[in-house]
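# Geometric and topological summary
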Amino acid sequence: MDPLIIEESIKTPSITFNPNTGVLEIKGKSIPENSLEFYKPIFEWLEVYSKTPAANTEVHVRLDYFNTSSSKCLLDIFRRLEPANSGGASSVKVHWFYESDDEDMMEAGDDYQALVKLPFTLIKV
Amino acid sequence: MADLNIYELFRKMEEDDIILSFKGDITQDLLASVYQIMEARLESEKEEPKRKKKFYHILVECLQNVYHHMVDLKEEHGPDAMESTAIFMIGYGPENSYRIVTGNFISVEYVDGLKTKLERINKLSPEELREEYLQQLSTTELSEKGGAGLGLIDMARKSGQKLEYSFYPVSASHSFFSLGVTVH
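A brief report on the enclosed structure follows. (Residues numbered from 1 in each chain as written. Chains lettered and ligands numbered in written order. Predicted model: local features only at pLDDT ≥ 70, side-chain atom pairs only at ≥ 80, totals over all residues. Heavy atoms only, no water.)

### Quick look at the interface of chain B and chain A
In this assembly, 37 residues from chain B lie in contact with 31 residues from chain A. Overall, the association of chain B and chain A removes approximately 2,700 Å² of surface from exposure, summing both partners, and the carbon and sulfur fraction of that is 53%. The largest share of the area that chain B buries against chain A comes from Lys53(B), Leu137(B) and Leu142(B), three residues that together contribute 23% of it. In this assembly, chain B and chain A are joined by 8 salt bridges. Between Asp111(A) and Arg130(B) there is a salt bridge, with the nearest N and O atoms lying 2.9 Å from each other. Elements with a contribution of two residues or more to the side of chain B that touches chain A: α2 (28–44), α3 (49–77), α5 (126–139) and α6 (151–159) of chain B. Looking at which element gives the most residues to the side of chain B that touches chain A, the answer is α3(B), with 11 residues. Among the residues making up the side of chain B that touches chain A, the classes are represented as 13 nonpolar, 12 polar and 12 charged. (Contact = heavy atoms within 4.5 Å. Buried area = accessible area lost by both parts, 1.4 Å probe. Salt bridge = Lys/Arg side-chain N within 4 Å of Asp/Glu carboxyl O. Helix = DSSP H or I, 4+ residues; strand = E, 2+ residues; numbered from the N terminus. Nonpolar A, V, L, I, M, F, W, Y, C, P; charged D, E, K, R; others polar.)

### Thoughts on the nonpolar core
In terms of nonpolar packing, the biggest core is built from 85 residues, with Phe78(A) and Trp96(A) touching the most fellow members. Here the element with the most residues in this core is α3(B); it accounts for 12 residues. Apart from residues no more than four positions distant in its own chain, Trp96(A) is found in contact with Val61(A), Phe66(A), Leu74(A), Phe78(A), Met105(A), Ala108(A), Gly109(A), Tyr112(A), Phe120(A), Thr121(A), Leu122(A) and Ile123(A). (Core = buried A, V, L, I, M, F, W, Y, C linked by side-chain atoms within 4.5 Å. Buried < 20%, exposed > 50% of the residue type's maximum accessible area, 1.4 Å probe, protein only.)

### Some words on the pairing of strand β5 (residues 174–183) of chain B
Residue and element names in this part refer to chain B. Taken across its 10 residues, β5 has 9 buried, putting it largely inside the fold. For strand β3 (residues 97–107) and β5, the ladder comprises 10 bridges, and the chain directions are antiparallel. When the bridges of β5 are listed, Tyr 98 appears paired with Val 183. Direction of pairing for strand β4 (residues 164–169) relative to β5: antiparallel, over a ladder of 6 bridges. Looking across to β5, one finds that Glu 164 is bridged to Gly 180. Between β4 and β5, which pair antiparallel one after the other, the connecting turn spans 4 residues. (Pairing = 2+ DSSP bridges.)

### Let's talk about the pattern of salt bridges
Inspection of the entire model under this criterion finds 21 salt bridges over all chains. A salt bridge links Arg157(B) to Glu107(A), with the nearest nitrogen and oxygen atoms 3.5 Å apart. On the criterion of chain membership, the pair formed by Arg157(B) in helix α6 and Glu107(A) in helix α3 (residues 103–115) is interchain, its members lying in two chains. Residue Arg157(B) is classed as buried on the basis of its relative accessible area of 14%. Judged by relative accessible area, Glu107(A) falls into the partly exposed class, the value being 35%. Between Arg120(B) and Glu132(B) there is a salt bridge whose closest N-O contact spans 2.6 Å. Of this pair, Arg120(B) sits in helix α4 (residues 108–123) while Glu132(B) sits in helix α5, and the two are 12 residues apart along the sequence. The structure contains a network of salt bridges with shared partners spanning Glu107(A), Asp111(A), Arg130(B) and Arg157(B).

### Overview of the pairing of β3(B)
All names here are of chain B. Across the 11 residues of β3, 9 count as buried, placing the element largely inside the fold. Of the pairings in the sheet, the one linking strand β2 (residues 86–93) to β3 comprises 8 bridges and is antiparallel in character. Of the residues in β3, the one forming a bridge with Ile 90 is Ile 100. Taken together, β2 and the strand that follows it, β3, pair antiparallel across an intervening segment of 3 residues, in which Glu 95 is found at a positive phi of about 50°.

### Things to note about the sheet that holds β4(B)
Residue and element names in this part refer to chain B. Strand order in the open sheet formed by 5 strands is β1-β2-β3-β5-β4, and the pairing between neighbours is antiparallel. Each edge of the sheet is formed by a strand with only one pairing partner; in this case those strands are β1 (18–24) and β4. Sheet twist, expressed as the mean angle between neighbouring strand axes with direction ignored, is 15°. The strands that α3 touches are β2, β3 and β5; relative to β3, the one it contacts most, it runs at about 10°. (Axes fitted to C-alpha atoms, helices over the stretch in contact; angles between N-to-C directions.)

### Observations regarding the side chain of Asp102(A)
With respect to the helices and strands, Asp102(A) occurs in the loop between β5 (91–98) and α3. A polar atom in the side chain of Asp102(A) sits 3.2 Å from the backbone nitrogen of Met105(A). Residue contacts for Asp102(A): discarding those within four places in its chain leaves Asp64(A) and Lys53(B). (Polar contact = N/O pair within 3.5 Å; in protein donor to acceptor, adjacent residues only side chain to side chain.)

### Some words on the environment of Thr102(B)
Residues and elements named next belong to chain B. Tracing the backbone shows Thr 102 in strand β3. Classification of Thr 102 as buried rests on a relative accessible area of 3%. Sequence separation between Thr 102 and Ser 178 is 76 residues, and the spatial gap between their C-alpha atoms is 5.6 Å. Once residues lying within four places of it in the same chain are set aside, the contact partners of Thr 102 are Cys 62, Leu 63, Val 66, Ile 87, Phe 88, Phe 177, Ser 178 and Leu 179.

What follows is the structure in structure tokens.
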């Protein structure tokens, strides 16, 4: 399976998903008006990946900010990885990075932690 | 355009501390430009990063809220109708705050529902706003156009302020809806 690499743009984050290492990184900002257009290929990639995932999967979220349209898609990304984790195909962990003075992003990590059945680590950078 | 005194308009905007104002069709390209202009502006003012992010975040939600409504109105009335245009203003408010005010048309049938929603949001405590946000986030689906139905809750939650709003009846079928958010 090929890695998924999408360059950062004004309204969308960079995506670097490596199926061999299991490191899936989302970085930058995510504020497209219609986030589904952007996230659809990501969901499709994840669907294939979850069938034969790496033994360990780490989702690295390094976002400066994201809009409410994207918040839904982020939740979907996590939810799509839950079965691989609960079924034992891959040990999935989420590393949620936030800047030390950014309470909003820390809170956002907390929000997802409350909704998603994956282990979260909130990491101050 | 009849006898418009552009200097009067300029002075009015200057007095009202308006940084940026736009009236017309709200497109994705326009919003991309507005984000870039405001980012550069905040950069040049040496605004502290934490506040800059908060402002930017709320700005995006306010403008996209209008954008999503405009998409609906354009479908309904065609791109050239007055109802298919909107207005927004970004400026300074009291005590070194930022103000974002948007205005757009809304079908009268939606007025009561929206009013009820806004009244409810304004009564919620920060903890209740979080619960409401999580509830909506985990249960609702994105609309076809990518609206999450979370914008107003998010604006109230992130700004920590009450949302200011009004409805002006303009015709039998439409009201003009204005929404103001202050970012401290």
